[in-house]
2 protein chains.
Amino acid sequence: MTSPAKLENTEHLLDRATEVLAKDSLIEIRNLVRSLYPAEAAHILESLEPEQRAKLWAVVPPSVIGEILVEVNVEVGSSLLKITDRKDLIAATESMGADGMVDLLHVLPEPLLSQVMESIGVHNRNRIEKALSYDEHTVGGLMSDDVLTIRADVTLDVVTRYLRLRGNMPTATDSLIVVDRKDQFQGLLPINQLLTHDPHTKVESIMDARSSGIPYNMSSRDVAGLFERRKLLSAPVLADDGKVLGRITIDDVVGLIREEANHSLMSMAGLSEEQDMFAPVFSSAKRRALWLGVNLLTAFLAASVIDLFEATIQQIVALAVLMPIVASMGGIAGSQTLTLVVRGLALRQVTTSNAMSLLFKEVSVGLLNGLVWAAVVAVVAGLWFHNPHIGLLLGVAMLINLVCAALSGVAIPVLLDKIGVDPALAGGVLLTTVTDVVGFMAFLGLATLFLL
Amino acid sequence: MTSPAKLENTEHLLDRATEVLAKDSLIEIRNLVRSLYPAEAAHILESLEPEQRAKLWAVVPPSVIGEILVEVNVEVGSSLLKITDRKDLIAATESMGADGMVDLLHVLPEPLLSQVMESIGVHNRNRIEKALSYDEHTVGGLMSDDVLTIRADVTLDVVTRYLRLRGNMPTATDSLIVVDRKDQFQGLLPINQLLTHDPHTKVESIMDARSSGIPYNMSSRDVAGLFERRKLLSAPVLADDGKVLGRITIDDVVGLIREEANHSLMSMAGLSEEQDMFAPVFSSAKRRALWLGVNLLTAFLAASVIDLFEATIQQIVALAVLMPIVASMGGIAGSQTLTLVVRGLALRQVTTSNAMSLLFKEVSVGLLNGLVWAAVVAVVAGLWFHNPHIGLLLGVAMLINLVCAALSGVAIPVLLDKIGVDPALAGGVLLTTVTDVVGFMAFLGLATLFLL
């Protein structure tokens, strides 16, 4: 008797794939692909450079093509679609459940979408068109219509016999949905209640009638928070009139949480979380060029501030040496505050109700650190250039810039969020503009006033 | 007959709490607290400033104190512990399961820990000491010892009768763990199989014997990836000899995913994800001071590079005006690459096996964008200062810096990861050092060579 293998550490999934691909043995590549879960295959495909990606994709059986396409990020998905045989793709959709098909249709570009829709039978088409009609960023767009409902007035024995007759249950079923004759949601019967109670018990006597459904139009961001904080595994989705429309399960939500967190990180560098790490050089460069261009404007703005003080710099070159210190420290301090606020806004832990307290706290922190580091730079710069006045001005300018950085670090993202602009994306550029302009202006301005 | 309320949108959880707290009505605050799940209370407590936080905490019933303490981040937890009555805390641990207690003990500081441990009965103490003996960052430290096991040679009917006798099941039980007489793991019996098969069926004939357990020493980062990619709801945890030690459930994993994603974001700004947003000004300032100090060293290093070219700047002040542009664009481009790689490393999508391809691609992107923007800045700067030579040099320096930024954006985080230093934390500072030094050196150096 052998005990089954332990779950393999996926840490080396990519390394193993690269190794197998390097050997170029078709059989080994096939075996590898067969041993993978769809999301694991997706993970590897996202991490491979285009040539190897194509090699791996070529041996993926058509039956799992659809499931993998749903898992990869948008850009990698479209790069794979380009090298997928149309017939394989249509065959793939036919072998998928309506549910997976909806996810897949969400990622198909237009000409393909119509082709696939035409190949689908009328019954399924209605079901899918209904599913596609919900906003993708709401619960309606995420939910599955594979729902198992029971009545409140039957016994557990009847329920169990019904389940045996049905022969299967939707994935991640931790409770059965109890509805009345009009399909109105009544409550939930947790599976562990079903299993631990006497078969003659009636559903209504042990069902959880206080539990509630999720409105179909709740945003996916909110539903992620809800699942996370209430430790839900699944929840029924309700129409406005209380009818059960579908259900949403934890695996959808895990994906949302990962995406949302990646979004803040990537946006702060002007990147998209749906980006292919190995996108073609030209299209990568094109996309990043925009971000660089926006930042170049900021840089030129800062340069034009310096230009105002050309005469001053000409007389005291030490100012040119020291001025980047003021701007850089402001940028660093500001980005700390900005990151804290951007994360808080994403998690809905920063709202207008606590933004003022946070502003006050951050400005105090900026003031305190400004005083400490102003003293340090004043001494260092004073000694360096044998000129205590330059040191003093550098310190004062830095203090001013750290306070401005704290102010903008809170105010900019909160305001952006209020007017519906993504603070993670636009916050950094605006903040750097402030800290650069204020930094150069304060230092060079003070120097012009007091040193000339 | 009224249909139950839909799940309330938690978007406004914090706003509602602030509102109720502002009214200062003890009854309303109590009602609010009672309506919250522990993790919801934790979410609100994290978002409140200290004064309001204390007000809310004061009305939390001792019976849920423990569960909330486990949910809040480390720093907010210790701020709450300072204002918690010791007797309440000891009472709280007594009402918790061994499982929750272990989580709580992980967050208790030493003097309290001993006090609580003394108040625990001998049986529980052994169980808890065993649980505490695992590394907190591995599956062992995460798992619950609340395990329900069955034998392979019994019928489903026996299993169901056993469950009814037991009267309850561990949370998130989607499958029962099948073991032999020596507690060795044999396979899993999915609950939906149990419910949909004939009661006379034997467990061994329908159990999933290919399914496998997780080794107790797998890192929590890897287990998160595993659950995410295989869409697991729970998994058994095994000792080296195949004995079942416990189980791990999706709700633990969701927390891990959130934490890990926050970690990259916060570390890149030199912050900790376990930080209290409303930490006292003095301690916040102290912690950030370190980060500012490290960055100040970078800034002084960059300044000393400029200082080398003081004579050059004195002759051509336009150089001082334009030099921040080179450094800033390098920093922006580099941080794009850095972010891409840091995320890739965290998700284990970048390893030594694809780092070279990524390096090649990023350098190509840098080169391409360098050429484009170098042309733009060359023209703009040339026109601005009526000096095509300055424009040309600015362009060349920027091209050099963008290529260096791409090189360092890949190389720095990969090398840091290899030597075991957190690339999210240290990567940014090192990268900025490179882009500042190279930027100033290239521009001012070229100017000294060709313009004087």
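Worth saying up front: this structure is predicted, and the values here are computed from it rather than measured. (Residues numbered from 1 in each chain as written. Chains lettered and ligands numbered in written order. Predicted model: local features only at pLDDT ≥ 70, side-chain atom pairs only at ≥ 80, totals over all residues. Heavy atoms only, no water.)

Colleague: Go over the UniProt feature "domain: CBS" (unreviewed entry) in chain A, please, and point to the residues and values.
Modeller: All names here are of chain A. Residues given the UniProt feature "domain: CBS" (unreviewed entry) here are residues 143-205 and 207-265. The straight-line gap between the two end C-alpha atoms of residues 143-205 is 28 Å; of that span, 32% is helix and 22% is strand. Secondary structure across residues 207-265 comprises 46% helix and 22% strand; the distance between its end C-alpha atoms is 42 Å. (UniProt positions renumbered as here; feature names shortened; annotations may be inferred. Helix = DSSP H or I, 4+ residues; strand = E, 2+ residues; numbered from the N terminus.)

Colleague: I'd like a description of the UniProt feature "transmembrane region" (unreviewed entry) in chain A, backed by residues and values.
Modeller: All names here are of chain A. Following the UniProt record, the feature "transmembrane region" (unreviewed entry) maps to residues 289-309, 316-346, 366-385, 392-416 and 428-451 here. Span residues 289-309 is 95% helix and 0% strand, its end C-alpha atoms 30 Å apart. The span residues 392-416 shows a helical share of 100% and a strand share of 0%, and its end C-alpha atoms are spaced 36 Å apart.

Colleague: Give a detailed account of the pattern of salt bridges, specifying residues and quantitative values.
Modeller: Residues and elements named next belong to chain A. If you walk through the whole model with that rule in mind, you get 27 salt bridges over all chains. A salt bridge links Arg 210 to Asp 208; the nearest nitrogen and oxygen atoms lie 3.9 Å apart. On the basis of relative accessibility, which here comes to 73%, the residue Arg 210 falls in the exposed class. For Asp 208, a relative accessible area of 28% gives the class partly exposed. In this structure, Glu 362 engages Lys 361 in a salt bridge whose closest nitrogen and oxygen atoms are separated by 3.2 Å. Like Lys 361, Glu 362 is buried. (Salt bridge = Lys/Arg side-chain N within 4 Å of Asp/Glu carboxyl O. Buried < 20%, exposed > 50% of the residue type's maximum accessible area, 1.4 Å probe, protein only.)

Colleague: Describe the interface of chain A and chain B, with residues and values.
Modeller: Across the boundary between the two partners, chain A contributes 140 residues, which contact 140 residues of chain B. Counting each side, the surface lost to burial between chain A and chain B is near 13,300 Å², with a carbon and sulfur contribution of 66%. At the boundary of chain A and chain B, one finds 10 salt bridges. The salt bridge involving Glu362(B) is made with Arg288(A); its shortest N-O contact spans 2.8 Å. Broken down by element, the side of chain A that touches chain B gets its largest block of residues, 17 residues, from helix 17 (residues 281-308) of chain A. Its residues assigned to classes, the side of chain A that touches chain B comprises 73 nonpolar, 38 polar and 29 charged. (Contact = heavy atoms within 4.5 Å. Buried area = accessible area lost by both parts, 1.4 Å probe. Nonpolar A, V, L, I, M, F, W, Y, C, P; charged D, E, K, R; others polar.)

Colleague: I'd like a rundown of the domain arrangement of chain A, residues and numbers included.
Modeller: Once the domains are mapped, chain A shows domain 1 (10-133), domain 2 (149-249) and domain 3 (281-451). Just the C-alpha atoms count here: the centres of domain 2 of chain A and domain 3 of chain A sit 53 Å apart. (Domains from an automatic or database assignment.)

Colleague: Which residues make up the environment of Leu80(A), and what values do they have?
Modeller: Residues and elements named next belong to chain A. Its place among the elements puts Leu 80 in helix 6 (residues 74-82). Judged by relative accessible area, which is 0%, Leu 80 ranks as buried. Discounting chain neighbours no more than four positions away, the residues touching Leu 80 are Leu 45, Arg 53, Trp 57, Leu 69 and Val 72.

Colleague: Outline the packing of aromatic side chains, listing residues and values.
Modeller: Considering all chains together, one arrives at six aromatic pairs over all chains under this definition. Members of the aromatic cluster, connected to one another through ring pairs, are Phe300(A), Trp384(B) and Phe385(B). (Phe/Tyr/Trp six-rings, centres within 6.5 Å; stacked < 30°, edge-to-face > 60°.)

Colleague: Requested: an account of the relation of the copies chain A and chain B, with residues and values cited.
Modeller: For these two chains of identical sequence, chain A goes onto chain B by a turn of 180° and a shift of 0.0 Å along the axis, with RMSD 0.1 Å. Expressed as a symmetry operation, the mapping of one chain copy onto the other fits a two-fold axis. Looking at chain A, 100% of its interface residues are interface residues in chain B too, so the copies touch through the same face. (Least-squares fit on C-alpha atoms with pLDDT ≥ 70 in both.)

Colleague: Break down helix 3 (residues 38-47) of chain A for me, with residues and values.
Modeller: Burial analysis of helix 3 of chain A places nine of its 10 residues in the buried class, the great majority of the element. Taken as a whole, helix 3 of chain A has its buried residues at Ala39(A), Glu40(A), Ala41(A), Ala42(A), His43(A), Ile44(A), Leu45(A), Glu46(A) and Ser47(A). Against helix 1 (13-23), helix 4 (50-58), helix 5 (62-71) and helix 6 of chain A together with helix 15 (220-230) and helix 20 (352-384) of chain B lie the buried residues of helix 3 of chain A.

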